[in-house]
Amino acid sequence: MEELNQYICYLDDSDKKMIDERVAEKGIENYLSQQLIYLDCSRIINGMRMMQTIGYPYQREITSYLYALQTKAGNDFDFDKEWFDKLIKQHHANIEYEKINPPVWYGGKKAKDKWLKDNNKLPRRRKVKEQFLSGMGKEISNVERLKRLSAEFGNLTFKLNPTKKYE
């Protein structure tokens, strides 16, 4: 359980209620099976990774899994151990997958520094292409467009006239 401590986050009452409803609707085994699919970091849909161990969604899905296991499985120790072992197995598979395919870091420098301090591993940065909009016969970038707009509207002033009071 200690290896998952850094992945546990806070669930408020609405989160817990939603999990309880899903478990009641699907059953505990179907819910936990679905959570294991969501936690799979090797899933790629339309060329995009659905889950990464460095993100909040991973923490939330692990916490949801553990909450459902703890509250809905009852006192069946064998059932708890079986499903907890499946979670640990999936987590280890995710860590191994990310050694070969490093996660893409989408957060800012402050979040990255915090993550590096806690985990001591360097995530991969996403490369961003500058997008262009068509305008007046030549292409200009979004950044250039914003600079031009701010220059045009930077000297804009307003004059408000008070209304006359009628007696």
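Cut-off values and rules
Residues numbered from 1 in each chain as written. Predicted model: local features only at pLDDT ≥ 70, side-chain atom pairs only at ≥ 80, totals over all residues. Heavy atoms only, no water. Helix = DSSP H or I, 4+ residues; strand = E, 2+ residues; numbered from the N terminus. Expected span 1.5 Å × (residues − 1). Buried < 20%, exposed > 50% of the residue type's maximum accessible area, 1.4 Å probe, protein only. Arc of directions from axis to C-beta. Contact = heavy atoms within 4.5 Å. Axes fitted to C-alpha atoms, helices over the stretch in contact; angles between N-to-C directions. Nonpolar A, V, L, I, M, F, W, Y, C, P; charged D, E, K, R; others polar.

A. Examining helix 1 (residues 13–26) more closely. An ideal rise of 1.5 Å per residue puts 20 Å on 14 residues; helix 1 measures up with 20 Å between its terminal C-alpha atoms. Three or more residues of helix 1 are buried, namely Asp-15, Ile-19 and Val-23. Down the axis, helix 1 shows its buried residues gathered within 70° of arc, on one side only. Counted as exposed and oriented over 90 degrees from the buried face of helix 1: Asp-13, Lys-17, Ala-24 and Glu-25. Looking at the packing, one finds that the buried side of helix 1 touches helix 2 (28–38) and helix 3 (56–72). Where helix 1 ends, the next residue or the one after it, Gly-27, has phi of about 95°, a positive value.

B. A look at the packing of helix 1 against helix 2. Across the interface, helix 1 lies against helix 2 with an axial gap of 6 Å and an inter-helix angle of 115°. In contact with Ile-19, Arg-22, Val-23 and Lys-26 of helix 1, helix 2 contributes Ile-28, Asn-30, Tyr-31 and Gln-34. Its residues assigned to classes, the contact of helix 1 with helix 2 shows four nonpolar, two polar and two charged.

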